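Observations on chain architecture
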Amino acid sequence: MPLGTQPATPRSSLLESIASPADLRQLDPSQLSQLADELRNFLISSVSRTGGHLSSNLGTIELTVALHYVFNTPEDRIVWDVGHQTYAHKVLTGRREAMAGLRQYHGISGFPRRSESDYDTFGTAHSSTSISAALGMAEAARMRGEDRRAIAVIGDGAMSAGMAFEALNNAGDIHDTNLLVILNDNEMSISPPVGALNKHLSRLLSGKLYNGARKIGKRFLENLPPPVFELARRTEEHVKGMVMPGTMFEEFGFNYIGPIDGHDLESLLPTLQNLRTLKGPQFLHVITRKGQGYKLAEADPILY
């Protein structure tokens with residue numbers, strides 16, 4: 001490609017038919033993987049022109065598609081923490097053409113902006129504000145007798161802040177408020193995770209109970225064929241995430257589900273559909289990868 005030449009915008013048959021989440025919800029579930037692929041290609045092409053947060057947005061495409069497919073947005077409220085992972089959200093909510101002016105003078109914002117769309121329910125940029133904002137929306141719906149849901153999508157880096165845990169503590173004490181918190185766990189934040197939470201989890205994972213069970217399991221698995229042992233070794237990190245954080249969030253009063261693959265629509269869709277019917281505070285832990293589907297961004301998510 002000659003220097004300075006922009007890549008051609010990929011043609012998107014399904015994506016071009018989506019002007020709002022109402023159009024998205026007319027699709028058959030079997031079509032959503034194709035839509036996610038088209039959306040990923042569109043964002044790679046679009047952000048190559050405008051600049052912006054590419055890797056974080058590639059990591060939330062399937063989750064964004066699933067949320068708008070299952071929930072009745074904008075009546076159901078989605079609050080994105082920090083907000084730099086909302087490009088797919090903007091595309092699916094009627095701003096596909098406007099993405100050409102992303103972060104440009106007189107263009108659309110790189111973050112949710114209430115004046116820009118009814119689907120941007122909360123203006124974000126600062127970290128760790130999503131749970132408290134969504135809780136306020138959920139409480140307002142409860143007090144007004146409205147049957148709608150509030151969803152907070154928060155990353156593992158933002159989850160370590162005190163404001164997030166104050167909101168969790170408050171929400172868990174209000175048992176009849178329909179709040180869903182989704183932890184988007186990509187094991188990466190702008191800065192390394194620090195503080196009491198990180199140290200607490202480290203203590204739990206290094207404690208005698210966890211490691212005693214781990215040693216027993218390892219001795220048992222060593223007698224099995226090598227492929228089985230290798231599979232167990234590779235899934236150890238997911239087991240850590242499933243056992244320890246789940247206990248912690250259950251103690252806050254949430255019904256904890258996960259972790260599940262945040263790129264697997266066959267897991268995301270039924271899980272979110274089930275959670276939408278449950279009452280009270282719910283917590284879904286999803287595992288995603290920054291830069292998903294674009295090898296350069298996967299290899300260096302900070303650069304991208």
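Residues numbered from 1 in each chain as written. Predicted model: local features only at pLDDT ≥ 70, side-chain atom pairs only at ≥ 80, totals over all residues. Heavy atoms only, no water.

Side note on the overall build of the protein chain
In terms of helices and strands, the protein chain carries 13 helices and five strands. Here the protein chain, with 304 residues, has 47% of them falling under the buried criterion. (Helix = DSSP H or I, 4+ residues; strand = E, 2+ residues; numbered from the N terminus. Buried < 20%, exposed > 50% of the residue type's maximum accessible area, 1.4 Å probe, protein only.)

Notes on the sheet that holds strand E3 (residues 179–185)
One open sheet accounts for five strands, arranged E1-E2-E3-E5-E4; its pairing is parallel. The outermost strands of the open sheet, each flanked by one partner alone, are strand E1 (77–80) and strand E4 (255–261). Shown here is a sheet whose adjacent strand axes are inclined to one another by a mean of 20 degrees, direction ignored. Both E4 and strand E5 (residues 282–287) contribute to a ladder of five bridges, which runs parallel. Bridging across to E5, Asn255 finds its partner in Gln282. Strands E1, strand E2 (150–155), E3 and E5 of the sheet are contacted by helix H4 (residues 61–70), whose axis makes an angle of about 160 degrees with E1. (Pairing = 2+ DSSP bridges. Axes fitted to C-alpha atoms, helices over the stretch in contact; angles between N-to-C directions. Contact = heavy atoms within 4.5 Å.)

Some details on the nonpolar core
Ranked by internal contacts, the top residues of the largest apolar core, which has 44 residues, are Leu24, Leu32, Leu35, Leu43, Leu67, Ile182 and Leu272. At eight residues, the largest contribution of residues to this core is made by helix H2 (residues 32–50). Sequence-distant contacts of Leu67, defined by excluding residues within four places in its chain, comprise Ile78, Trp80, Ile151, Val153, Ile182 and Leu272. Among the nonpolar cores identified, the runner-up in size contains 26 residues, and Ile154, Ala158, Met248 and Tyr256 belong to it. (Core = buried A, V, L, I, M, F, W, Y, C linked by side-chain atoms within 4.5 Å.)

Some remarks on the environment of Thr50
The residue Thr50 is located in helix H2 in this model. Along the chain, Thr50 and Leu102 lie 52 residues apart, while their C-alpha atoms are 6.2 Å from each other. Aside from chain neighbours lying at most four places away, what touches Thr50 is Met99, Ala100, Leu102 and Gln104.

Some thoughts on the confidence of the model for the protein chain
Of the residues in the protein chain, 70% have a pLDDT of 70 or more, and the chain-wide mean is 79. Under a pLDDT of 50 for its full length, residues 1–6 has, in the predicted model, four contacts with residues more than four places off or in other chains. In the model, residues 189–207 has pLDDT below 50 throughout and makes 17 contacts with residues more than four positions away in sequence or in other chains. (pLDDT = per-residue confidence, 0-100.)

A short note on H2
A rise of 1.5 Å per residue sets the reference length of H2, with its 19 residues, at 27 Å; its end C-alpha atoms lie 26 Å apart and thus fit the reference within 8%. Two residues or fewer past H2, Gly51 is found with a positive phi of approximately 80 degrees. (Expected span 1.5 Å × (residues − 1).)

Topic: unusual backbone geometry
Cis geometry is adopted by the peptide bond preceding Pro74, which originates at Thr73 and carries an omega value of 5 degrees. Tracing the sequence through the fold places Pro74 in the loop between H4 and E1. Of note in this structure, Val82 is not a glycine but carries a positive phi near 65 degrees. Positionally, Val82 belongs in the loop between E1 and helix H5 (87–95). Overall, Val82 belongs to the buried group, its relative accessible area being 16%. Of note, the phi angle at Arg103 is positive, near 60 degrees, even though the residue is not glycine.

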